[in-house]
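Summary of the model geometry
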Amino acid sequence: MGGWGLVTPRQDLLRAPGERILRWPHPRLAAHVSSYVAHDLPDAGANSWQVTPLSVLTWMIDFEAPDRGPEIPDSPVLGLRDGPLRLEQSGASRGILVTLTPRGSYALFGIPLRELTNAAVAASDLLPAELLTEQLAEAPDWPERFRLLDEYLAARLAHGPGLAAPVRYAWDRLSAGPVRVDALAREIGWSRQHLNARFREQIGLNPRTVGRIARLNRVLALMNREPSLSWAEVAYSGGYSDQAHLVREFRALTACSPTEAGKPGLFVWAGPLSPRKK
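Residues numbered from 1 in each chain as written. Predicted model: local features only at pLDDT ≥ 70, side-chain atom pairs only at ≥ 80, totals over all residues. Heavy atoms only, no water.

Another point: the nonpolar core. By size, the foremost hydrophobic cluster in this structure holds 70 residues, and its most contacted members are Trp-59, Val-98 and Leu-153. With eight residues, helix H4 (residues 142-157) is the largest single contributor of residues to this core. Apart from the residues within four sequence positions on either side, Val-98 is in contact with Val-33, Ser-35, Tyr-36, Leu-57, Thr-58, Trp-59, Ile-61, Leu-149 and Leu-153. Membership of the second largest hydrophobic core comes to seven residues, among which are Leu-41, Val-51, Ile-72 and Leu-78. (Core = buried A, V, L, I, M, F, W, Y, C linked by side-chain atoms within 4.5 Å. Buried < 20%, exposed > 50% of the residue type's maximum accessible area, 1.4 Å probe, protein only. Helix = DSSP H or I, 4+ residues; strand = E, 2+ residues; numbered from the N terminus. Contact = heavy atoms within 4.5 Å.)

Given below as structure tokens:
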């Protein structure tokens, strides 16, 4: 599913200045891992973050973890969501955020992603990563940390389970463009009820919700390619009935308006960004 992985309101980003570096994983991991975002943020006092993952599950690898309260563990894995997550945190924060596709998450964690939906689970409950975290924290620089992550994930993913072929097909079709769930079920050869049940078990959300998220993701990808477009033009190109429809859907999924989030450059994270590897 193309587009941005995370939506965070502009004001939340500006309240937490610091170093942020986006890198893409090795091309052989592209179907499983969407991005790495390294960060080194000084203590800016108590802060509030609103984060909406779109089409990705996230694994925060903490080298230095802030206080996120009792409900969010250190080095948390966040499942797919049908709404935003509000985080209250304080203290310095240093680590790497890994964004994973459902295919990658299913292979890496080896559990039905329904168990992670709208939840935050300690990575230590899902996989052995203590040694990796130590190696990453002790590495001399960010490029070496990204290389170590590539190696670790490639080795783990090579032996992980795969999504059922019809579920993977449904995800790809929903990601590519608009499709009715009943038509998708007929293509697969399942009933709509069976598709909903199997898809939700392995992916974590139902096909209709994933279709809405996919449409919003395509809109954000369009804004990345053509940032000069007005929101009305974006709404028309994205298949929304009008700009008000786009704003309603944006608010329903992210709890903020397109204007509050800002245009690309702030949709994911502020800070220096690297070009995608060729």
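Still more to cover.
On to the sheet that holds strand S6 (residues 76-78). With antiparallel pairing, six strands are arranged side by side in an open sheet as S2-S3-S8-S5-S6-S9. The sheet is open, and its two edges are formed by strand S2 (19-23) and strand S9 (120-122), each paired on a single side. Pairwise comparison of adjacent strand axes, ignoring direction, gives a mean angle of 20 degrees for this sheet. Relative to strand S8 (residues 93-100), strand S3 (residues 33-41) is paired through eight bridges, and the arrangement is antiparallel. The partner of Leu-41 across the bridge, within S8, is Ser-93. With respect to the sheet, helix H2 (residues 102-109) is in contact with strand S5 (57-64), S6 and S8, its orientation differing from that of S8 by roughly 110 degrees. Along the sheet, helix H3 (residues 130-138) contacts S5 and S8; its crossing angle with S5, the most-contacted strand, is approximately 60 degrees. (Pairing = 2+ DSSP bridges. Axes fitted to C-alpha atoms, helices over the stretch in contact; angles between N-to-C directions.)

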